[in-house]
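Examining the three-dimensional arrangement
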Amino acid sequence: MTREDMLLTDVLVRQKNDFAGKRHMVLFYTFSALLGRMEGFCKSDLDIVSASAILENVDSSEPPGVRRATFETLLTKAGYPETFFDVIISLAIGDDSRGSDMRKRILDESRTITGCLESDDPGRNAVEAMNGLRSNNGFRFLFNLCIQPGF
């Protein structure tokens, strides 16, 4: 089992009966990993983006310090290198101030796509969200999934 598999499994178990939260996390994680691969991310950047997407909604009502400790425990258990912790946690908590960072952009675009898919009116929300996407791949996914269904 890969460290990503271990982290994903641990987080799914933590969410117990929160089926909407599980569905959201799986969608967000899937789009983040897929867009990262399509954008040509190296293995370490893919690991960082995937882990950040998996962790983003874990204990979201807790203060950042508590979340950081929880994330460090989960990342350690899954076998992630400590050198990745700061950037994964920063991206997952949303306190990463490097707005031009490609990893942050992929997470933002994946969050937009996921939000549109989960909304009551995916087509309308997608049209409103299209201007916020900067990658062709993100635009294509949003268009094909929410506006013109089918690839």
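Residues numbered from 1 in each chain as written. Predicted model: local features only at pLDDT ≥ 70, side-chain atom pairs only at ≥ 80, totals over all residues. Heavy atoms only, no water.

Side note on the overall build of the chain
Per the secondary structure count, the chain includes 8 helices and 0 strands. Taken from the N to the C terminus, the helices and strands of the chain come in the order α-α-α-α-α-α-α-α. For 151 residues, the compact-globule formula gives about 15 Å, and the C-alpha radius of gyration of the chain, at 15 Å, lands near that figure. Taking contacts inside the chain between residues at least 6 apart in sequence as the whole, the part at least 24 apart equals 62%. Carbon and sulfur atoms provide 53% of the accessible area of the chain, an area that totals close to 7800 Å². Taken together, the 18 basic and 22 acidic charged side chains of the chain have centroids lying 2 Å from each other. (Helix = DSSP H or I, 4+ residues; strand = E, 2+ residues; numbered from the N terminus. Rg over C-alpha atoms; globule rule 2.2 N^0.38 Å. Contact = heavy atoms within 4.5 Å. Areas by Shrake-Rupley, 256 points an atom, 1.4 Å probe, with all protein chains shown as cover. Lys, Arg positive; Asp, Glu negative; His and termini not counted. Charge placed at Lys NZ, Arg CZ, Asp CG, Glu CD.)

Here's the deal with the packing of aromatic side chains
For the structure on display, the rule yields 1 aromatic pair. Ring centres 6.0 Å apart and planes at 65° place the aromatic pair phenylalanine 31 and phenylalanine 141 in the edge-to-face group. A residue pair is termed long-range when its members are at least 10 positions apart, and phenylalanine 31 in helix 2 (residues 19-38) and phenylalanine 141 in helix 8 (residues 136-147) qualify at 110 residues. By relative accessible area, which is 9% here, phenylalanine 31 ends up buried. One cation-aromatic arrangement involves arginine 3 over tyrosine 80; the distance from NZ or CZ to the ring centre is 5.2 Å. (Phe/Tyr/Trp six-rings, centres within 6.5 Å; stacked < 30°, edge-to-face > 60°. Buried < 20%, exposed > 50% of the residue type's maximum accessible area, 1.4 Å probe, protein only. Lys NZ or Arg CZ within 6 Å of the ring centre and 35° of its normal.)

Overview of the side chain of glutamate 109
Here glutamate 109 is to be found in helix 6 (residues 102-118). A distance of 2.7 Å separates a polar side-chain atom of glutamate 109 from the backbone nitrogen of arginine 134. A distance of 2.6 Å separates a polar atom in the side chain of glutamate 109 from a polar atom in the side chain of serine 135. Residue contacts for glutamate 109: discarding those within four places in its chain leaves Leu35, Leu133, Arg134, Ser135 and Gly138. (Polar contact = N/O pair within 3.5 Å; in protein donor to acceptor, adjacent residues only side chain to side chain.)

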